[in-house]
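# Structure assessment
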Amino acid sequence: MLAGLCLLCMTAIKANAADDIKSKVKGEWEITIPDAPSGYQTYVLTAKEKDKNIVIDIKGGDINVKEQKFTEKDGKLSANLYVGEYVKVVIWEDKGVIKGLATTSMGELVCNFKKPEKKAK
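Here the structure is a predicted model, which means the values were calculated and not measured.

### Some words on the confidence of the model for the chain
- For the chain, the mean per-residue pLDDT works out to 85, and 83% of the residues sit at or above 70.
- Low pLDDT, under 50, characterises residues 1-18; the stretch is placed with two contacts to residues that sit more than four places away or in other chains.

Structure follows, in structure tokens:
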């Protein structure tokens, strides 16, 4: 019975962790990819929940991705995006900071996430 209770607790914790990454990534982000080629280093990412999934829009350079579904596994969000080539994108949280990694034909590129500064009215 104790083992069953422990399993139930671990499942609840894992379910909450999945909700955490989804809720933490929602909203608008400025993305910089310092090692990407010129013209492909700055993007705006908007994440929202749709049908219990995270969908993401990405704009920047000549890239305009709309409502790309990201799947959650082990506290990370991931998707394969077609942006002239297939790129695997993984997003996670580490010590309160949202981080990302894009795996491309050029190798792995670190994606830096930053909330846009609110403009004074």
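### Focus on the environment of Lys-52
- With respect to the secondary-structure elements, Lys-52 resides in the loop between β2 (42-50) and β3 (53-60).
- By relative accessible area, Lys-52 is classed as exposed at 69%.
- As a C-alpha pair, Lys-52 and Lys-22 span 30 residues in sequence and 9.5 Å in three-dimensional space.

### A short note on the side chain of Asp-57
- Along the chain, the position of Asp-57 falls in strand β3.
- Buried and unpaired, Asp-57 has Lys-48 as its nearest opposite-charge partner, separated by 4.3 Å.
- Of note is the side chain of Asp-57, whose polar atom sits 2.6 Å from the backbone nitrogen of Glu-67.
- Apart from residues no more than four positions distant in its own chain, Asp-57 is found in contact with Val-44, Leu-45, Thr-46, Lys-48, Val-65, Lys-66 and Glu-67.

### A short note on the environment of Lys-76
- For Lys-76, the position within the fold is in strand β5 (residues 76-82).
- The exposure class assigned to Lys-76 is partly exposed, which follows from its relative accessible area of 39%.
- Along the primary structure Lys-76 and Trp-92 are separated by 16 residues, whereas in three dimensions their C-alpha atoms are 4.7 Å apart.
- Ignoring any residue separated from it by four or fewer positions in sequence, one finds Lys-76 in contact with Thr-71, Val-90, Ile-91 and Trp-92.

Parameters and conventions
Residues numbered from 1 in each chain as written. Predicted model: local features only at pLDDT ≥ 70, side-chain atom pairs only at ≥ 80, totals over all residues. Heavy atoms only, no water. pLDDT = per-residue confidence, 0-100. Contact = heavy atoms within 4.5 Å. Helix = DSSP H or I, 4+ residues; strand = E, 2+ residues; numbered from the N terminus. Buried < 20%, exposed > 50% of the residue type's maximum accessible area, 1.4 Å probe, protein only. Lys, Arg positive; Asp, Glu negative; His and termini not counted. Salt bridge = Lys/Arg side-chain N within 4 Å of Asp/Glu carboxyl O. Polar contact = N/O pair within 3.5 Å; in protein donor to acceptor, adjacent residues only side chain to side chain.

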